Amino acid sequence: MRCVEIAIDEVCADLAQLHGLWEQVTDGGRYEIGRLGFAPLTRIISHRATIIHITDSDDPLDWIIQSFTSDFNSLANHSFVGQRFGDIPDANYTGLIAPSLRATRELGEPMAHFVDGVLNDQRVVYEELTLPLYQDGVIEKLVTVSRES
């Protein structure tokens, strides 16, 4: 299993288009929730997106899922809203993804990753774009959007 960073300009056409929309609605790539609200994000958030609220913990597994949509067969009939990211039932998978969430928070800019792993005994291969949302100058939420490779 692996989750590796890729350059944003190397993501699939769908994610590149979403990143283009992101750049249009942000000031220099920085999205301030208090000023912009959530309405501009509706064009970016799609059928396979998650909004994660960053808690006081440095561990992404403790961060709270605020919105969750998935077309992964193994997760499509589940809702993890209000639960910790680590509550997704596959600890190997969440452990694989957690460093990419932490890296985006630390960098403070959008990041892209290629994921090739196993989720609930099913192989998943996709590209993911993770976007930071700021509140009063601090990253408060992350939005992840993914597409199958």
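In this text the structure is predicted, and so the values were computed from the model without any measurement.

Visitor: Even after reading the chapter, I still don't get the state of the cysteines, so can you show me in this structure?
Guide: Between two cysteines, a covalent bond joining their sulfur atoms is known as a disulfide. Evaluation of the coordinates by the stated rule reveals 0 disulfides. With no disulfide of its own, C12 has C3 as its nearest cysteine by sulfur position, at a separation of 15 Å. Taking the relative accessible area as the measure of exposure, C12 reaches 21% and is therefore partly exposed.

Visitor: Which parts of the structure should I look at to understand unusual backbone geometry?
Guide: A negative phi angle characterises most non-glycine residues, just as the trans form characterises most peptide bonds. Of note in this structure, D136 is not a glycine but carries a positive phi near 55 degrees. Considering the arrangement of structural elements, one finds D136 in the loop between strand 6 (122-135) and strand 7 (138-148). By relative accessible area, which is 69% here, D136 ends up exposed.

Visitor: Whenever I open this one, the pattern of salt bridges confuses me. Can you help?
Guide: When their charged atoms lie close together, side chains carrying opposite charge are able to pair. Tallied over the full model, the rule gives 7 salt bridges. Notably, a salt bridge pairs R84 with D87, separated by 2.8 Å at the nearest N-O pair. Linked through salt bridges whose partners overlap, the residues forming this network are D62, R84 and D87.

Visitor: Sorry, what's going on with helix 3 (residues 91-107) here?
Guide: Each α-helix turn comprises 3.6 residues. Residues three or four places apart therefore point the same way. For helix 3, built from 17 residues, the straight-helix expectation of 24 Å at 1.5 Å per residue is met to within 8% by its first-to-last C-alpha distance of 25 Å. Of all the bends in helix 3, the largest measures some 25 degrees and sits at I97, one to four residues before the proline P99. For helix 3, the set of buried residues is Y93, T94, L96, I97, A98, S100, L101, T104 and R105. Turning to helix 3, the residues buried within the fold contact strand 1 (2-6), strand 3 (49-53), strand 5 (111-119), strand 6 and strand 7. Its side-chain oxygen placed 3.2 Å from the backbone nitrogen of N92, D90 serves as the N-cap of helix 3. Remark: G108 follows helix 3 within two positions and exhibits a positive phi of approximately 80 degrees.

Each value, and the rule that gives it
Residues numbered from 1 in each chain as written. Predicted model: local features only at pLDDT ≥ 70, side-chain atom pairs only at ≥ 80, totals over all residues. Heavy atoms only, no water. Disulfide = S-S within 2.5 Å. Buried < 20%, exposed > 50% of the residue type's maximum accessible area, 1.4 Å probe, protein only. Helix = DSSP H or I, 4+ residues; strand = E, 2+ residues; numbered from the N terminus. Salt bridge = Lys/Arg side-chain N within 4 Å of Asp/Glu carboxyl O. Expected span 1.5 Å × (residues − 1). Bend = angle between axes of the 7 residues up to and from the residue. Contact = heavy atoms within 4.5 Å. Polar contact = N/O pair within 3.5 Å; in protein donor to acceptor, adjacent residues only side chain to side chain.

Bear in mind that shape data such as this cannot, by itself, settle questions of function.
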